Structure formats: C-alpha cells, structure tokens
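# Analysis of the macromolecular model
Take a look at the letters that make up each chain.
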Amino acid sequence: MFSNEPRCRYRSNQLGEVICQLRFPEILTIGANVPVQFQEAIRDEYPQYAARKEAPAPRLTGTPGNLTVENQPQTINYQFSSADGVWRVNLTSKFISLSCSRYTCWEEFAAKLDKPLVAFIKIYKPAYFERVGLRYLNFISRQELGLDQPFSALIAPCYLGLLAEEDVNDSAIARCSIDAEVNLRGGCKAKFHAGPGLVKKNGQQDNEIKFIFDQDLFMAGNVPVNMSAGALQTLHSQAWGVFRGAITDTLHDAMDPVSI
C-alpha cells in the first residue's frame with residue numbers, strides 16, 4: 001500500500017484539484033464583518049473577490065420518536081482568487097483553505113499558502129487548529145496519457161474491487177468504488193475514495209470514464225498554530241508514499257516522472 005521510492009514530479013500529473021483546509025474554533029468576527037484587512041494583505045496575489053451565503057444541512061436533535069429538525073444559521077464564504085482563477089483562498093468563520101486546479105509541485109503550493117495563512121493568523125489569532133487537512137483529487141485519464149490498458153494494469157489491486165478480476169471488463173462495471181479510512185504514521189489519518197467515474201471538465205461533462213483517486217489526509221485534535229506548517233509537511237510526505245503505492249509502474253511512466 002505504501003511506497004518508499006523517492007518523491008518525483010509528474011509532467012503529466014492527473015490532479016484535478018489540490019486543497020488545503022485548516023479548521024479552527026469559530027471566530028464570529030469573520031462572519032460579522034467583511035474581511036477588509038485580510039483582503040488587503042493578499043490582494044496582490046488574489047485580486048478577485050466573491051462572497052456567498054451557505055446554509056448548513058439541518059440538524060436532528062432529541063430522542064427517537066421525538067426528533068426535531070433544527071435549521072442551522074447561514075455562514076458567509078469569502079473567496080479570493082488569482083487573476084487566472086487557478087488559485088483560490090476561501091475564508092469562513094470556521095475554516096481557511098487554499099485550492100489549486102493546476103498543481104505542479106508541493107513547493108509552489110506551500111509558497112502560495114504562506115501569505116494567506118500568515119495574514120489570517122496575524123489578523124484573527126486563532127487559538128489552535130482543530131483539523132489540518134490536505135486533499136489530492138486525481139482524475140486519471142487513459143485518453144490523455146495515451147494508454148489503452150484496463151485500469152487493472154494501472155492501479156494497485158487494493159483500490160480496484162471487482163475491477164481487479166481478470167474476467168471483468170472495465171466497460172461492464174456501472175459502479176465500483178472503494179472507500180476507506182486509515183491511520184497513518186506521525187498521527188495522520190486518511191480517507192480514500194477510489195473507483196471509475198465521470199467528471200466535469202471546465203464546467204462541462206466529460207464522457208470519458210476516468211479512475212478517481214481521492215486522498216484526504218488530515219490531523220485532528222488541537223494542533224498548535226505554530227505547528228501547522230510542520231503538520232502540513234507531514235501530511236504531504238505521507239501523501240506521496242500512498243499515491244506511488246496506489247499506481248503501477250505503467251501509469252507512473254506514462255505520467256512522465258521527473259526527479260526532484
């Protein structure tokens with residue numbers, strides 16, 4: 001399941017999106033006031049602004065036979081984007097996140113995260129982070145990579161389910177996915193979703209069936225603010241070993257690896 005091979009960079013990586021999210025005890029000031037100071041601190045890199053109100057799912061309270069549905073208060077999600085829309089910072093009263101739709105390497109991503117995270121900590125002074133997460137959404141396209149092999153030749157058997165069987169054709173499977181939650185080294189946890197599916201590209205439905213490999217790695221509990229960067233580095237180092245262990249040499253070579 002895990003690979004010890006040295007980390008590399010892929011010229012043809014199959015990442016649709018990479019997301020870093022840090023959750024913290026609710027800070028009411030963020031929802032009560034437009035984050036002017038925060039925008040000014042990051043506006044040179046994230047000049048586009050938008051805000052939307054979000055209504056959390058209703059919550060059930062009470063006991064069986066006497067349940068009550070309680071509507072949750074709306075939250076405001078502030079979004080700050082780069083001019084090309086590739087990088088997006090989202091801020092709510094409960095989390096800050098950075099997402100990228102054209103990921104190249106961890107070093108660039110970490111550098112892009114630095115300014116908004118430092119500004120957030122300086123302005124809002126969170127007590128600690130309740131959850132530090134790093135998520136990699138891979139949409140593996142055989143067409144894009146020029147491959148005609150079945151998924152069983154590209155993905156490790158533990159993530160394939162029925163697709164690992166020799167007498168099962170990819171096109172015969174309407175739905176087959178693996179979902180798991182695993183404890184990793186260094187206090188990390190991970191949620192995995194793996195399986196074939198359709199995804200949207202530039203807002204349009206793509207008819208090619210891709211293999212979706214979704215890694216959501218996180219540290220839960222009270223992570224001190226001054227240890228958040230180290231926590232993210234630990235999550236990133238775990239993510240590489242998991243991903244390399246999830247793919248075969250055929251897929252690895254097709255993505256055109258470059259040594260780091």
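Preceding this paragraph is the structure being described.
A brief report on the enclosed structure follows. Values in this document were obtained by computation on a predicted structure and should not be read as measured data. (Residues numbered from 1 in each chain as written. Predicted model: local features only at pLDDT ≥ 70, side-chain atom pairs only at ≥ 80, totals over all residues. Heavy atoms only, no water.)

## Concerning the overall build of the protein
Secondary structure assignment for the protein yields six helices and 15 strands. A compact globule built from 260 residues would reach a C-alpha radius of gyration of about 18 Å, and the protein, at 20 Å, matches this within 12%. Going through the 260 residues of the protein one by one, you find that 41% of them count as buried. Separation of charge centres in the protein, based on 26 positive and 28 negative side chains, amounts to 8 Å. (Helix = DSSP H or I, 4+ residues; strand = E, 2+ residues; numbered from the N terminus. Rg over C-alpha atoms; globule rule 2.2 N^0.38 Å. Buried < 20%, exposed > 50% of the residue type's maximum accessible area, 1.4 Å probe, protein only. Lys, Arg positive; Asp, Glu negative; His and termini not counted. Charge placed at Lys NZ, Arg CZ, Asp CG, Glu CD.)

## Regarding the packing of aromatic side chains
For the coordinates displayed, the defined rule picks out 16 aromatic pairs. Summarising the aromatic geometry, the rings of Tyr10 and Trp240 are spaced 6.2 Å apart at their centres and angled 40° between planes, so their arrangement reads as tilted. Here Trp240 lies in helix α5 (residues 228-246) and Tyr10 lies in strand β1 (residues 8-10), a separation of 230 residues in the sequence. The class of Tyr10 is buried, set by a relative accessible area of 8%. (Phe/Tyr/Trp six-rings, centres within 6.5 Å; stacked < 30°, edge-to-face > 60°.)

## Considering the sheet that holds strand β3 (residues 48-54)
Taken in spatial order, the nine strands line up as β3-β6-β7-β8-β2-β9-β14-β11-β10 in an open sheet, and their pairing is antiparallel. The sheet terminates laterally at β3 and β10 (178-183), the two strands that pair on one side only. Pairs of neighbouring strands in the sheet enclose a mean axial angle of 15°, with direction left out of account. Strands in contact with α5 are β2 (15-23), β9 (129-140), β11 (189-197) and β14 (210-223); relative to β14, the strand with the most contacts, it is inclined by about 150°. (Pairing = 2+ DSSP bridges. Axes fitted to C-alpha atoms, helices over the stretch in contact; angles between N-to-C directions. Contact = heavy atoms within 4.5 Å.)

## Details of helix α3 (residues 106-124)
Between its first and last C-alpha, α3 extends 26 Å over 19 residues, near the 27 Å set by a 1.5 Å rise per residue. Among all positions in α3, only Trp106, Phe109, Leu113, Pro116, Leu117, Ala119, Phe120 and Tyr124 are buried. Once α3 ends, the next one or two residues include Lys125, with phi positive near 50°. (Expected span 1.5 Å × (residues − 1).)

## Overview of the pattern of salt bridges
Considering all chains together, one arrives at 15 salt bridges under this definition. Salt-bridge contacts for Glu45 lead to Lys112; the nearest nitrogen and oxygen are separated by 4.0 Å. Of the two residues, Glu45 is situated in the loop between α2 (36-42) and β3 and Lys112 in helix α3; the sequence distance between them amounts to 67 residues. Judged by its relative accessible area of 27%, Glu45 is partly exposed. When the shortest N-O distance is used, the salt bridge between Lys210 and Glu208 registers 3.5 Å. Each member of the pair Lys210 and Glu208 is classed as buried. Salt bridges sharing partners connect three or more residues here, namely Asp44, Glu45, Lys112 and Lys115. (Salt bridge = Lys/Arg side-chain N within 4 Å of Asp/Glu carboxyl O.)

## Concerning the nonpolar core
Counting 67 residues, the largest nonpolar core has Phe38, Phe109 and Phe120 as its most contacted members. In terms of residue count, the dominant contributor to this core is α5 (eight residues). Dropping the residues within four chain positions of it, Phe109 is found in contact with Val18, Ile19, Cys20, Trp87, Leu98, Cys100, Tyr103 and Leu134. (Core = buried A, V, L, I, M, F, W, Y, C linked by side-chain atoms within 4.5 Å.)

## Side note on the pairing of strand β8 (residues 95-100)
Summarising burial for β8: six of the six residues are buried, a large majority. Burial of β8 is two-sided: the residues Phe95, Ser97 and Ser99 facing one way and the residues Ile96, Leu98 and Cys100 facing the other way are all buried. One ladder, built from six bridges, connects β2 with β8; its direction is antiparallel. Paired with Arg23 across the bridge in β8 is Phe95. Looking at chain direction, strand β7 (residues 87-91) and β8 are connected through five bridges and run antiparallel. Residue Trp87 lies in a different strand from β8, and its bridge partner there is Cys100. Linking β7 to β8, which pair antiparallel, is a turn of three residues.

## Re the side chain of Asn90
Considering the arrangement of structural elements, one finds Asn90 in strand β7. Setting aside residues no more than four positions away along its own chain, Asn90 makes contact with Arg52, Asn77, Tyr78, Gln79, Phe95, Ile96 and Ser97.

## Topic: the side chain of Arg142
Residue placement: Arg142 occurs in helix α4 (residues 142-145). Other than its neighbours up to four places away in sequence, Arg142 contacts Leu147, Gln149, Pro150, Phe151, Leu154, Asp170, Glu208 and Ile209.

## A word on the state of the cysteines
The tally for this structure, following the rule as stated, stands at zero disulfides. Of all cysteine sulfurs in the structure, the one in Cys100 sits closest to Cys20, which takes part in no disulfide; the separation is 12 Å. Classification of Cys20 as buried rests on a relative accessible area of 0%. Sulfur of Cys158: no disulfide; nearest cysteine sulfur belongs to Cys176 and is 13 Å away. The partly exposed category is assigned to Cys158, whose relative accessible area is 47%. (Disulfide = S-S within 2.5 Å.)

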